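Results of the structural survey
Next come the chains, spelled out residue by residue.
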Amino acid sequence: MKVRFYATFREIIGRKEIEVSGVTTVGELLDYLAEHYTPEIKKQLLETPRVGPDKPIDGMILVNGHNVLHLRGLETELKEDDDVRIFPPAGGG
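As a starting point, this report considers the structure included with it. (Residues numbered from 1 in each chain as written. Predicted model: local features only at pLDDT ≥ 70, side-chain atom pairs only at ≥ 80, totals over all residues. Heavy atoms only, no water.)

**Thoughts on unusual backbone geometry**
Condition: What counts as a helix is a DSSP run of H or I of at least four residues, what counts as a strand is a run of E of at least two, and both are numbered from the N terminus. Relative accessibility thresholds used throughout: buried, under 20% of the residue-type maximum; exposed, over 50%; partly exposed, between the two (1.4 Å probe, protein chains only).
Even without a glycine there, the phi angle at Ala7 is positive, about 55°. Structurally, the position occupied by Ala7 is in the loop between strand S1 (2-5) and helix H1 (8-13). Assessed through its relative accessible area of 54%, Ala7 is described here as exposed. Positive phi, normally seen in glycine, also occurs at Asn64, with a value near 50°. Relative to the helices and strands, Asn64 is located in the loop between strand S3 (60-63) and strand S4 (66-67).

Now the structure itself:
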């Protein structure tokens, strides 16, 4: 599957797009990225004060254009031909 990164995640990963295979859920994909690239991506998406029962991901992960928060969250299933786009948490104020 193609995994594309946006904004600061491009800097963290060091690429704007990668190919990944062998992962079956969004949670597994984040584990793969943390292990093969940097644990920082997982920290920014899953370990911020804004993460909680109603919002398991801080930032946005789209699978084929659909936000995983409207699917099955980290348990959203992935297929080899999926298009995944990962956006960091948005700041503001």
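Once you've had a look at it, read on.
**Topic: the packing of aromatic side chains**
Two numbers describe a pair of aromatic rings. These are the distance of the centres and the angle of the planes. Applied cut-off: By convention, a stacked pair of Phe, Tyr or Trp rings (six-membered ring in the case of Trp) has centres within 6.5 Å and planes under 30 degrees apart, an edge-to-face pair has planes over 60 apart, and any other such pair is tilted.
Tallied over the full model, the rule gives 1 aromatic pair. An angle of 10° between the planes, with centres 4.3 Å apart, marks the rings of Tyr6 and Phe87 as stacked. One end of the pair, Tyr6, is in the loop between S1 and H1; the other, Phe87, is in strand S5 (residues 83-87), and 81 residues separate them in sequence. Note on Phe87: relative accessible area 23%, which makes it partly exposed.

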